[in-house]
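Examination of the molecular architecture
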Amino acid sequence: MAASAKKGASQSSHFPGHNPFLESVNAYFDKAASIMDIPQGLLDQIRACNSVYYMQFPVRIKGGIQVIQAWRAEHSHHKLPTKGGIRYAMTVDQEEVQALAALMTYKCAVVDVPFGGGKGGIRIDPKQYTEEELERITRRYTVELIKKNFIGASVDVPAPDYGTGPREMAWIADTYQAMVQDDINALGCVTGKPVGQGGVRGRTAATGRGLFFAVREAVNDPKLMKKLKMSTGLSDKRVIVQGFGNVGYYAAKFLHEAGATVVGVIEWDGAIVNPKGIDINALQAHRMATGSITGFAGCKTIKDGNSVLEHECDILVPAALESQIHKGNAAKIKAKIIAEGANGPITSEAEPILLKKGILVMPDMFVNAGGVVVSYFEWLKNLSHVRFGRMDKRFEEGSNMRIVDTVERLTGKSLTLAERQVIARGADEEDLVNSGLEDTMIDSYHTIGEIYFGNPKVKDMRTAAFVSSINKIATSYMSLGIFP
Ligand code: NAD
């Protein structure tokens, strides 16, 4: 749908530009655009936020009425639907939502997900509300989006972000289904749903798993490791993770399980460190039991958690919030690689300081794209109305078994039942989702790598990712015939 067709949507190609996160995203865009041969008008269109909807609605809270402020931004309509999470936090404002929506546009293009970028947010601290109140707020927000045509499988598809998860997505899907009864693809109006309500297996861990694939590919790249004066492989790498939520926990878990040593974990109420390594699965059990990572056995607890960002390590994964590495602490960062799990954790003022120190910054728009990649798979599942693997799993197992039988007959050797089952097993939904995610992250790493190593004007990986992304979006606009 064209931006102008949105009822009540304000056209916002104007950026007030006071928000450091929005300024950073635009500064990164401008840096890449300045070395590209693309007409200025087309660059202006790619950079502009196409529609923003600001809403205020009343919700019954603790016996009274509270007026809730919320936003939904659709940054780019060059591909539809637009796609991006919904955040519940007190920091939410129009510029933050616009910055996050813009990042989604660039992110989708980098990993070849055929969506424009979007983002939503409600300015609340979810910890201050009961589950019932959060449900009322979420359902009312969904109704507002439906009224203005800011949600739907072919229009705009939200997902979880900071402060939201499968529970909120289930409320959104249910509200949409109840109100838009003639939409056969109603379940595709939102992703990140519980598996029992149209979600896809593998979505919860997808962003952390995607980050792991991206980092693994980087540390196994001999050319990159030579440039950074590091050895290849994960086994000698020390990792610090900031934020032990969805992204941070799964990133730490997969890196730990692949042999890296997680030496520090930072949360809002303190950090824990152990140079010998932290068992991430045991830490998660401790957090579930106590509500905090602090006090975990065998680790030193540090009250000023963010000081641990400055500790010695090979790979730093900021996976909490934006603007965590800024001009005040950038010079003290000792990591060799920063993999941006969160969106915008490094300000544009801090980045040159890090680059000057020879630190490799693996940008958010690539590194944390796993969530939107698997959201894309969930949307495809909802539109096709069939579980991945349902049609071919048994057929594949039969074919594999016939190959095993033939090999046994020709060699005269027999396999055990367990060996036969391992070889013959057909792919189920989670196998296919994880395999699609792995392939996407590896492919995107090499596409960005070709620009990073091959274009002499490109000095850092974020600019390489932006060049890749802007090129794809520009091609898409030109194929629409809007630009000559
Ligand atoms: P989450 O709410 O699950 O986890 C965030 C964690 O950070 C929480 O454990 C919180 O306690 C912790 N935290 C908050 N303030 C902190 C501070 N000052 N220092 C250290 N830790 C702090 O959220 P999430 O989904 O993991 O999202 C984290 C970041 O990743 C956000 O920037 C989000 O936009 C981005 N992201 C998320 C996804 C996804 O699929 N969830 C995808 C892409 C990007």
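Residues numbered from 1 in each chain as written. Predicted model: local features only at pLDDT ≥ 70, side-chain atom pairs only at ≥ 80, totals over all residues. Heavy atoms only, no water.

1. Focus on the overall build of the protein chain
Regarding its fold elements, the protein chain presents 16 helices and 13 strands. For the protein chain, buried positions account for 56% of its 484 residues. Expressed as a percentage of contacts within the protein chain between residues at least 6 apart in sequence, the contacts between residues at least 24 apart total 69%. For the protein chain, the computed accessible surface area is about 20,500 Å², with 54% contributed by carbon and sulfur atoms. Taken together, the 56 basic and 53 acidic charged side chains of the protein chain have centroids lying 2 Å from each other. (Helix = DSSP H or I, 4+ residues; strand = E, 2+ residues; numbered from the N terminus. Buried < 20%, exposed > 50% of the residue type's maximum accessible area, 1.4 Å probe, protein only. Contact = heavy atoms within 4.5 Å. Areas by Shrake-Rupley, 256 points an atom, 1.4 Å probe, with all protein chains shown as cover. Lys, Arg positive; Asp, Glu negative; His and termini not counted. Charge placed at Lys NZ, Arg CZ, Asp CG, Glu CD.)

2. Notes on the packing of aromatic side chains
This structure, assessed with the given rule, holds 16 aromatic pairs. By the ring-pair criterion, three or more aromatic residues cluster together here, those being Phe-212, Phe-213, Phe-244, Tyr-249, Tyr-250 and Phe-254. Cation over ring: Arg-462 sits above Tyr-28, and NZ or CZ is 4.0 Å from the ring centre. (Phe/Tyr/Trp six-rings, centres within 6.5 Å; stacked < 30°, edge-to-face > 60°. Lys NZ or Arg CZ within 6 Å of the ring centre and 35° of its normal.)

3. Remarks on the pattern of salt bridges
Scanning the model with the defined rule gives 34 salt bridges in all. Members of the salt-bridge network, linked through shared partners, are Arg-87, Glu-96, Lys-119, Asp-161 and Glu-322. (Salt bridge = Lys/Arg side-chain N within 4 Å of Asp/Glu carboxyl O.)

4. Quick word on the site of the ligand
Residues in contact with the ligand amount to 25 residues; listed here are only the nearest, Asp-161, Thr-207, Asn-246, Glu-267 and Asn-343. Between the ligand and the protein, one listed contact pairs an oxygen atom with a side-chain N or O atom of Asp-161 at 2.7 Å. Gly-245 has a polar backbone atom sitting 3.4 Å from an oxygen atom of the ligand. Contact with the protein chains hides 85% of the accessible area of the ligand, taken as 830 Å² for the molecule alone. At the level of elements, α8 (246-257) and β8 (261-267) are the ones that each hand at least two residues to the shell around the ligand. Of the residues belonging to the shell around the ligand, the class tally is 9 nonpolar, 10 polar and 6 charged. Two domains each put at least three residues into the shell around the ligand: domain 1 (12-197) and domain 2 (206-367). (Near = heavy atom within 4 Å. Polar contact = N/O pair within 3.5 Å; in protein donor to acceptor, adjacent residues only side chain to side chain. Nonpolar A, V, L, I, M, F, W, Y, C, P; charged D, E, K, R; others polar. Domains from an automatic or database assignment.)

5. Things to note about the sheet that holds strand β9 (residues 270-273)
Strand pairing in a sheet is mediated by backbone hydrogen bonds. Such pairs are either parallel or antiparallel. Ordered in space as β10-β9-β8-β7-β11-β12-β13, the 7 strands form an open sheet in which the pairing is mixed. Both edges of this open sheet fall to β10 (300-302) and β13 (360-362), since each of them pairs with a single strand only. Across the sheet, the axes of successive neighbouring strands diverge by a mean angle of 20°, strand direction being ignored. Direction of pairing for strand β12 (residues 337-339) relative to β13: parallel, over a ladder of 3 bridges. Along β13, the bridge assignment pairs Ala-339 with Met-362. (Pairing = 2+ DSSP bridges. Axes fitted to C-alpha atoms, helices over the stretch in contact; angles between N-to-C directions.)

6. With respect to the confidence of the model for the protein chain
Mean pLDDT over the protein chain stands at 94; residues scoring 70 or higher make up 96%. Per-residue pLDDT stays below 50 along residues 1-17; that stretch engages in 43 contacts with residues further than four places along the chain or on separate chains. (pLDDT = per-residue confidence, 0-100.)

7. Some thoughts on the domain arrangement of the protein chain
For interface size, the figure often reported is the accessible area lost on association. Partitioning the protein chain into domains gives domain 1 (12-197) and domain 2 (206-367). The C-alpha-based centres of domain 1 and domain 2 are spaced at 27 Å. Taken together, the 15 residues of domain 1 in the interface contact 13 residues of domain 2. Of all residues in domain 1, the largest losses of buried area upon contact with domain 2 belong to Phe-21, Tyr-28 and Lys-107, amounting jointly to 36% of the total for that side. Taken together, the links from domain 1 to domain 2 amount to 1 salt bridge. Residue Glu-322 pairs with Arg-87 through a salt bridge whose shortest N-O separation is 3.0 Å. Applying the counting criterion to the domain 1 and domain 2 interface returns 5 residue pairs in polar contact (both at pLDDT 80 or more). Secondary structure elements with two or more residues in the side of domain 1 that touches domain 2: α1 (20-33) and α3 (94-110). It is α3 that contributes the most residues to the side of domain 1 that touches domain 2, 6 residues altogether. (Buried area = accessible area lost by both parts, 1.4 Å probe.)

8. A word on the packing of helix α15 (residues 429-454) against helix α16 (residues 461-479)
Direction vectors running N to C along α15 and α16 enclose 110°, while the axes themselves pass 8 Å from each other. By the angle between their axes, α15 is roughly perpendicular relative to α16. On α16, the residues touching Tyr-445, Thr-447, Ile-448, Ile-451 and Tyr-452 of α15 are Met-461, Ala-464, Ala-465, Val-467 and Ser-468. In the contact of α15 with α16, the residues fall into 8 nonpolar, 2 polar and no charged. (Parallel < 35°, antiparallel > 145°, perpendicular 65-115°, else oblique.)

9. With respect to the packing of helix α2 (residues 40-47) against α16
Where α2 meets α16, the closest approach of the two axes is 10 Å, and the angle between their N-to-C directions is 105°. Judged on the interaxial angle alone, α16 and α2 are roughly perpendicular. Note on element contacts: α16 touches α2 through Ile-470, Ile-473, Ala-474, Tyr-477 and Met-478, opposite Leu-42, Leu-43, Gln-45 and Ile-46. Within the contact of α2 with α16, the residues separate by chemical class into 8 nonpolar, 1 polar and no charged.

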